[in-house]
Amino acid sequence: MDVPPPIGSPAWDAELPAVGGNRAEIDEELREYDGEPGSLSDAALFLLHQEQPSYSLLFPMYFIWIDKETTDADREWIVRQYAAIFVHGPAAVIDSAVYSLAIDFFETYPKAQGVFEALLRQVPPAHYGPLLRSSPSVFWDVKRGLYEAAAQRPELHDALAYALSASFDAVFGMVDAVEATELFRRITVSDGPVRERLLAATTRFRDR
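Residues numbered from 1 in each chain as written. Predicted model: local features only at pLDDT ≥ 70, side-chain atom pairs only at ≥ 80, totals over all residues. Heavy atoms only, no water.

Visitor: When you look at helix 5 (residues 72-88) in this model, what are you seeing that I'm missing?
Guide: Structurally, the α-helix is built with 3.6 residues per turn, so residues lying three or four positions apart point the same way. With 17 residues, helix 5 extends 24 Å from end C-alpha to end C-alpha; this agrees with the ideal 24 Å at 1.5 Å per step. Across the 17 residues that make up helix 5, a large majority, 12, are buried. Residues of helix 5 that are buried: Arg-75, Trp-77, Ile-78, Val-79, Arg-80, Gln-81, Tyr-82, Ala-83, Ala-84, Ile-85, Phe-86 and Val-87. Once helix 5 ends, the next one or two residues include Gly-89, with phi positive near 70°. (Helix = DSSP H or I, 4+ residues; strand = E, 2+ residues; numbered from the N terminus. Expected span 1.5 Å × (residues − 1). Buried < 20%, exposed > 50% of the residue type's maximum accessible area, 1.4 Å probe, protein only.)

Structure (C-alpha cells):
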C-alpha cells in the first residue's frame, strides 16, 4: 500500500517536484497570503489547512480537481493529500477533510468512484474511520467492500454505523437496504443516538 507522508514533512516536500511544486515557493506564497484561499496553490492550501483547519481552505480543491487544465498527476496528488490527512490527522484537520470529500467529491456521482477507490489504495484499514464518515453518498456497489471490511474491525463499528445511518437518511445517501440491515445486525454500536437512528431506519425498511 502506498501510504502518503504527512503534509509538510520532508517526505512530503520530496514529492512536490513531481507535480511542479517547490517547498520554498509554497512557503513564500503563505508569507504573502492575503486571506483569500483562491489566491493560493493547491499545495499551499493543504499546508495552511494543517495549521488552520477549515472547510473554506479545502473548498477550492474540487474546482482545481475538475479544471480542464489540471493534469491527471495533479488530480492524483490532490486525492493523495486527503489520504494523508486521514492517515496522519489531527482530528480537526480530518473533520474538515471528511466534510470536503462528502459534499464536494462524493456527491458528484461521475467523479466519486475514482476518488474513493484511490483513497482505498492509500489509506490503511486502521484509518478507515474518516473514509467511512465521508462515504454516505458513494454508490453502494463501490463502498460495499469498505463496509464489509469495517464490520470485521470492532474499533470501526461506530464509524460504520454512522455511515450506514447516513446512507439511509442523507439527502444523497446511497444504500442497499437488505445488505445494510444485515451489516447492522453484525456490529456493536456504542454511540446511542447513531444506534437509534440506524435502528429506526432499518425498522422502517423491514416494515415496508
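Visitor: Help me understand the pattern of salt bridges in this model?
Guide: Where charged atoms of side chains with opposite charge meet at close range, the side chains can pair. According to the stated counting rule, one finds 12 salt bridges in the structure shown. One salt bridge connects Asp-95 with Arg-133, and the closest N-O pair in it is separated by 3.5 Å. Of the two residues, Asp-95 sits in helix 6 (residues 91-105) while Arg-133 sits in helix 8 (residues 128-133), which places them 38 residues apart along the sequence. A relative accessible area of 42% means that Asp-95 is categorised as partly exposed. By relative accessible area, Arg-133 is classed as partly exposed at 29%. Close ionic contact of Glu-182 with Arg-185 constitutes a salt bridge, the shortest N to O distance being 3.1 Å. Highlighted residues: Glu-182 and Arg-185, both in helix 11 (residues 177-186), separated by three residues, approximately one helical turn. By relative accessible area, which is 55% here, Arg-185 ends up exposed. Here the residues in one salt-bridge network are Asp-2, Glu-15 and Arg-80, joined through shared partners. (Salt bridge = Lys/Arg side-chain N within 4 Å of Asp/Glu carboxyl O.)

Visitor: Explain the packing of helix 2 (residues 23-31) against helix 3 (residues 42-51) here, please?
Guide: For any two helices packed against each other, one specifies the crossing angle of their axes together with the interaxial distance. Taken N-terminus to C-terminus, the directions of helix 2 and helix 3 make an angle of 65°; their axes are 9 Å apart at the nearest point. By the angle between their directions, the pair helix 2 and helix 3 is classed as roughly perpendicular. As helix 2 runs across helix 3, the sense of the crossing is right-handed. Across from Arg-23, Ile-26, Asp-27, Glu-29 and Leu-30 in helix 2, the residues of helix 3 making contact are Ala-43, Ala-44, Leu-47 and Leu-48. Within the contact of helix 2 with helix 3, the residues separate by chemical class into six nonpolar, no polar and three charged. (Axes fitted to C-alpha atoms, helices over the stretch in contact; angles between N-to-C directions. Parallel < 35°, antiparallel > 145°, perpendicular 65-115°, else oblique. Left-handed = near helix turned anticlockwise from the far one by under 90°. Contact = heavy atoms within 4.5 Å. Nonpolar A, V, L, I, M, F, W, Y, C, P; charged D, E, K, R; others polar.)

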